[in-house]
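# Fold and contact review
If you want the building blocks of each chain, they are given just below.
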Amino acid sequence: MDENQTEVVTDFVLAGFSQTPSTEAGLFVLFLFFYVSTWVGNVLIMVTVASDNYLNSSPMYFLLGNLSFLDLCYSTVTTPKLLADFLDNDKLIHYDQCIAQLFFLHFVGAAEMFLLTVMAYDRFVAICRPLHYTTIMSRGLCCVLVAASWMGGFVHSTVQTILTIRLPFCGPNHVDNFFCDVPPVIKLACTDTFVIELLMVSNSGLISTSSFVVLVSSYSTILVKIRSKEGRRKALSTCGSHLMVVTLFFGPCIFIYARPFSTFSVDKMVSVFYNVITPMMNPLIYTLRNKEVKSAMQKLWDRSGLTWKK
């Protein structure tokens, strides 16, 4: 072997949150609670929608069930590895595992962005064209739109991954985050990444920003088209949960991906928010003020034979 040949990195070291065992033990319990809550909440949404004839036949709740599945996948891409690293001082991740994590993170994340846009369109049709709602938002169209969301996420993630794996990595190998993502990983490349960064920002940043603009515009159009105060109040009630999800999910994504890949001290906390907190909060946001979902959950609870007896 040539003595001047550059060593190829085969493993990365994730920075994590702390090197103090007592602190990491506490964080392990906290994030385990977040992850279990994410599974319980989203699985409950999926089972409730699947078991209730009305919800299962409604385009809105069909899309909500798919959103819950995406939230489960999204959280599972990063959180199990994070939990394992709290118990492991090395926090190593193999190059192939790192690339796989990066791929699935952007695959599911972009699919969720597109699905949220589809859900906004669904609300637009339901409120602005109620008489034609069931005709326009047929089950066939809903399935096509969901499939298109997954395909869009796949194409986006494939582009991000190809741009990353073409880069040479020869050290250092410390990823300044608790998971492998494009911004901290490509900073470790042994070459000038300016053009790659511009391409990736124009990809991820454009998707997150444009989707956010489309979503806000669609909800604004809904409110403008409704003249009566009562109708506007109902529209706000219906779309309020969607707007909250949009803000919680897209805000951090735009902050991370729609700027040049410079590092800020708050990046880890922002990443926690859209990787861990938002998938856990979505079931609560969509059910706390939704009488139909709560009623269906009560029926499911009653059918299980676990009804409280006074």
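The structure displayed is predicted, hence computed values, not measured ones.

### Overview of the pattern of salt bridges
Per the stated rule, a full pass over the model turns up four salt bridges. Across the salt bridge formed by Asp-85 and Lys-81, the nearest N and O atoms sit 3.1 Å from each other. You can see Asp-85 and its partner Lys-81 sitting in helix H3 (residues 59-86), four residues apart, about one turn around the helix. Take Lys-81: its relative accessible area is 22%, and that puts it in the partly exposed class. In this structure, the salt-bridge partner of Asp-122 is Arg-123, at a minimum N-O distance of 2.9 Å. This pair shows no difference in class: Asp-122 is buried, exactly as Arg-123 is.

### Thoughts on H3
In a regular helix each residue adds 1.5 Å, so 28 residues correspond to 40 Å; H3 covers 41 Å between its end C-alpha atoms and thus fits that length. Bending of H3 peaks at approximately 40 degrees at the position of Thr-76, with proline Pro-80 no more than four residues after it. Counting buried positions along H3 gives 22 out of 28 residues, so the element sits mostly inside the fold.

### Let's talk about the packing of H3 against helix H4 (residues 95-128)
Here H3 crosses H4 at 160 degrees, and the two axes come no closer than 10 Å. Here H3 lies roughly antiparallel to H4, going by the angle between them. You can see that H3 and H4 cross each other, and the crossing is left-handed. For the contact of H3 with H4, the class distribution of residues is 17 nonpolar, four polar and five charged.

### What to know about the sheet that holds strand S3 (residues 174-175)
Pairing is mixed in the open sheet, where three strands are placed in the order S2-S1-S3. Two strands in the sheet have a free side with no partner beyond their single neighbour: strand S2 (92-94) and S3. Note: strand S1 (residues 11-14) against S3, two bridges, orientation parallel. Across the sheet, residue Val-13 finds its bridge partner in S3, namely His-174. Along the sheet, H4 makes contact with S1 and S2, crossing S2 at roughly 85 degrees.

Reading guide: rules and limits
- Residues numbered from 1 in each chain as written.
- Predicted model: local features only at pLDDT ≥ 70, side-chain atom pairs only at ≥ 80, totals over all residues.
- Heavy atoms only, no water.
- Salt bridge = Lys/Arg side-chain N within 4 Å of Asp/Glu carboxyl O.
- Helix = DSSP H or I, 4+ residues; strand = E, 2+ residues; numbered from the N terminus.
- Buried < 20%, exposed > 50% of the residue type's maximum accessible area, 1.4 Å probe, protein only.
- Expected span 1.5 Å × (residues − 1).
- Bend = angle between axes of the 7 residues up to and from the residue.
- Axes fitted to C-alpha atoms, helices over the stretch in contact; angles between N-to-C directions.
- Parallel < 35°, antiparallel > 145°, perpendicular 65-115°, else oblique.
- Left-handed = near helix turned anticlockwise from the far one by under 90°.
- Nonpolar A, V, L, I, M, F, W, Y, C, P; charged D, E, K, R; others polar.
- Pairing = 2+ DSSP bridges.
- Contact = heavy atoms within 4.5 Å.

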